[in-house]
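Given next are the chains, with one letter for each unit.
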Amino acid sequence: MLRRELVSKVADNILDLQLHHPIRVAISGITASGKTTLSNELAEELRRRKKEVIRTSIDNFHNPRAIRYRQGKDSAIGYYEDAHDYQAFKEKLLIPLGENGSRQYQTISLDLEKDEYVNLEQQLANDDTIFIVDGTFLLKKELVHFFDYKIFVQTDYEIARERGAKRETSAFGGYEKAEEMFLNRYHAASSLYLKEHNPQGNADIVINNNDVGSPYFL
């Protein structure tokens with residue numbers, strides 16, 4: 001299937017939802033599966049259809065460095081358990097957008113570069129606003145029921161690892177070091193996520209993204 005055709009069909013599915021509150025779309029998958037790219041393309045398609053779209057990520061809700069790396073910078077368990085502030089994620093973004101929520105939300109809780117909490121002025125969502133949120137662990141059991149439409153991007157580990165290592169070569173000081181980090185930290189954590197939370201089974205749709213030009217529904 002052509003990529004633009006798949007994105008259009010996903011947009012159709014979201015717009016078919018009949019809700020009385022903002023639509024919360026989750027796009028999950030292993031690290032470097034293509035979540036962010038798909039999220040941006042979907043947002044662009046929905047905006048083309050004159051819909052109000054807010055794009056954000058669970059990566060805007062990281063824990064501070066002291067918590068994030070308390071089990072070691074290379075630790076897969078540390079990334080899996082300590083990377084994100086799920087309580088802030090729920091309280092500042094997901095719960096206010098729900099059926100009985102205030103509609104007052106924030107899209108970020110921590111400035112990652114400064115390692116400082118952010119207290120921005122709350123924004124007010126309209127009932128027909130669509131929120132597209134990406135993140136590796138979005139469909140954990142404690143989060144999955146806060147989303148109205150759930151997408152899992154399935155990409156083979158080897159393909160995702162090559163993509164991710166190329167992307168992060170500069171950040172980690174070389175391709176081999178970046179590949180090692182994906183193997184031992186990010187994808188080891190992703191394996192725990194898939195095993196313990198069955199995100200594919202909890203998703204509304206699963207998309208195979210091995211070939212970014214021709215993804216398809218599973």
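Presented here is an overview of the structure given in this document. (Residues numbered from 1 in each chain as written. Predicted model: local features only at pLDDT ≥ 70, side-chain atom pairs only at ≥ 80, totals over all residues. Heavy atoms only, no water.)

1. Some details on the overall build of the protein chain
Rules: Numbering goes from the N terminus for both helices and strands, where a helix is a DSSP run of H or I of at least four residues and a strand is a run of E of at least two. For the radius of gyration, the atom set is restricted to C-alpha positions; the globular benchmark scales as 2.2 Å times the number of residues to the power 0.38. Computed with the Shrake-Rupley method and a 1.4 Å probe, the accessible areas treat only the protein chains shown as cover for residues. Charge assignment in this entry is limited to Lys and Arg as positive and Asp and Glu as negative, and neither His nor the chain termini are counted. In this description, the location of a charge corresponds to atom NZ of lysine, CZ of arginine, CG of aspartate or CD of glutamate.
In terms of regular secondary structure, the protein chain is built from 9 helices and 10 strands. For the protein chain, whose C-alpha radius of gyration is 17 Å, the value lies close to the compact-globule estimate of 17 Å for 218 residues. Put simply, the protein chain shows about 10700 Å² of open surface, and 45% of that area lies on carbon and sulfur atoms. The centroid of the 29 positive side-chain charges in the protein chain is displaced by 1 Å from the centroid of its 34 negative side-chain charges.

2. Thoughts on unusual backbone geometry
Cut-off, in case you're wondering: Residue burial is assigned from relative accessible area. The probe radius is 1.4 Å, only protein chains are included, and a residue is buried under 20% of its type maximum, exposed over 50%, and partly exposed in between.
Positive phi, close to 70 degrees, is recorded for K50, a residue that is not glycine. Among the secondary structure elements, K50 is positioned in the loop between α2 (35-48) and β2 (53-57). Residue classification places K50 among the exposed residues on the basis of a relative accessible area of 75%. Phi is positive for N198, which is not a glycine, with a value near 45 degrees. By secondary structure assignment, the location of N198 is in the loop between α8 (175-197) and α9 (199-202).

3. Some words on helix α5 (residues 86-94)
Note the following rule: When checking whether two residues touch, look at their non-hydrogen atoms; a contact exists if any pair is within 4.5 Å.
For α5, the complete set of buried residues consists of Y86, A88, F89, K90, L93 and L94. Against the buried residues of α5 lie β1 (23-29), β2, α4 (76-82), β3 (104-105) and β7 (130-134).

4. Some thoughts on a nonpolar patch on the surface
This is how it is decided: Without a salt bridge and with relative accessible area above 30%, a residue can belong to a patch; like charges are then joined within 9 Å and nonpolar side chains (Val, Leu, Ile, Met, Phe, Trp, Tyr) within 5 Å. Each salt bridge in this description consists of a side-chain nitrogen of Lys or Arg and a carboxyl oxygen of Asp or Glu lying within 4 Å of one another.
On the surface, M1, Y216 and L218 cluster together to form a nonpolar patch covering roughly 290 Å² of accessible area. Along the chain, Y216 falls in strand β10 (residues 216-217).

5. Description of the packing of aromatic side chains
Think of a pair of aromatic rings as described by two things: how far the centres are apart, and how the planes are tilted against each other in angle. Counted only if it meets this: Here is the rule: rings of Phe, Tyr and Trp (six-membered ring for Trp) pair when centre to centre is within 6.5 Å. Planes less than 30 degrees apart are stacked, more than 60 are edge-to-face, and the remainder are tilted. Charge-over-ring contacts are defined here by two conditions on Lys NZ or Arg CZ: a distance within 6 Å of the ring centre and an angle within 35 degrees of the ring normal.
Taken as a whole, this structure holds 9 aromatic pairs when the rule is applied. One aromatic cluster in this structure is built from Y79, Y80, F137, F172, F182, Y186 and Y193. A cation sits over an aromatic face here: R68 above Y69, 5.0 Å from the ring centre.

6. With respect to the sheet that holds β1
Quick note on the threshold: In this description, strands pair whenever DSSP reports at least two bridges between them.
Spatial strand order, β2-β7-β1-β8-β9-β10: 6 strands in an open sheet with mixed pairing. Every interior strand has two partners, whereas the edge strands, β2 and β10, have only one. The pairing of β1 with β7 spans 5 bridges and is classified as parallel. Bridging across to β7, I27 finds its partner in D134.

7. Topic: the packing of helix α1 (residues 3-15) against α2
We apply this condition: An axis is simply a line fitted to the C-alpha atoms; with a helix, the fit covers only the stretch in contact. Between two such axes, the angle follows the N-to-C directions and lies from 0 to 180 degrees. Any angle from 65 to 115 degrees is called roughly perpendicular, while one under 35 is roughly parallel, one over 145 is roughly antiparallel, and all others are oblique. Each crossing is labelled by how the near helix is turned from the far one, with a counterclockwise turn of less than a right angle marking it left-handed and a clockwise turn marking it right-handed. Throughout, the ten residues Ala, Val, Leu, Ile, Met, Phe, Trp, Tyr, Cys and Pro are labelled nonpolar, Asp, Glu, Lys and Arg are labelled charged, and all others, Gly among them, are labelled polar.
The interhelical angle for the contact between α1 and α2, taken along N-to-C directions, is 65 degrees, at an axis separation of 9 Å. In terms of their interaxial angle, α1 and α2 are classed as roughly perpendicular. Judged by the twist between their axes, the crossing of α1 over α2 is right-handed. Touching R3, L6, V7, S8, V10, A11, I14 and L15 of α1 are T37, L38, E41, L42, E45 and L46, all from α2. Tallied by class, residues from the contact of α1 with α2 come to 9 nonpolar, 2 polar and 3 charged.

8. Some words on the nonpolar core
Generally speaking, nonpolar side chains in soluble globular proteins are found buried as a group. Our working rule: Here, the term nonpolar core denotes a set of buried Ala, Val, Leu, Ile, Met, Phe, Trp, Tyr and Cys residues that are joined through side-chain atoms within 4.5 Å.
Counting 35 residues, the largest nonpolar core has F89 and L93 as its most contacted members. Elements with a minimum of two residues in this core: α4, α5, β7 and α8. Among all residues touching L93, those that are not within four sequence positions of it are T56, F61, A88, Y105, Q106, F131 and V133.

9. Here we look at the environment of F147
By the secondary structure assignment, F147 is in the loop between β7 and β8 (149-154). As a C-alpha pair, F147 and A26 span 121 residues in sequence and 6.3 Å in three-dimensional space.

10. Details of the pairing of strand β9 (residues 205-208)
Of the two faces of β9, the one holding I205 and I207 and the one holding V206 and N208 are both buried throughout. Relative to β10, β9 runs antiparallel, the two being bridged by 2 bridges. Bridge pairing in β10 links N208 to Y216.

11. Overview of the pattern of salt bridges
A complete count under the given rule lists 12 salt bridges for this structure. Measuring nitrogen to oxygen at the nearest pair gives 2.8 Å for the salt bridge that ties R103 to D127. One end of the pair, R103, is in the loop between α5 and β3; the other, D127, is in the loop between β6 (123-124) and β7, with 24 residues separating them in the sequence. Close ionic contact of D204 with K150 constitutes a salt bridge, the shortest N to O distance being 3.5 Å.

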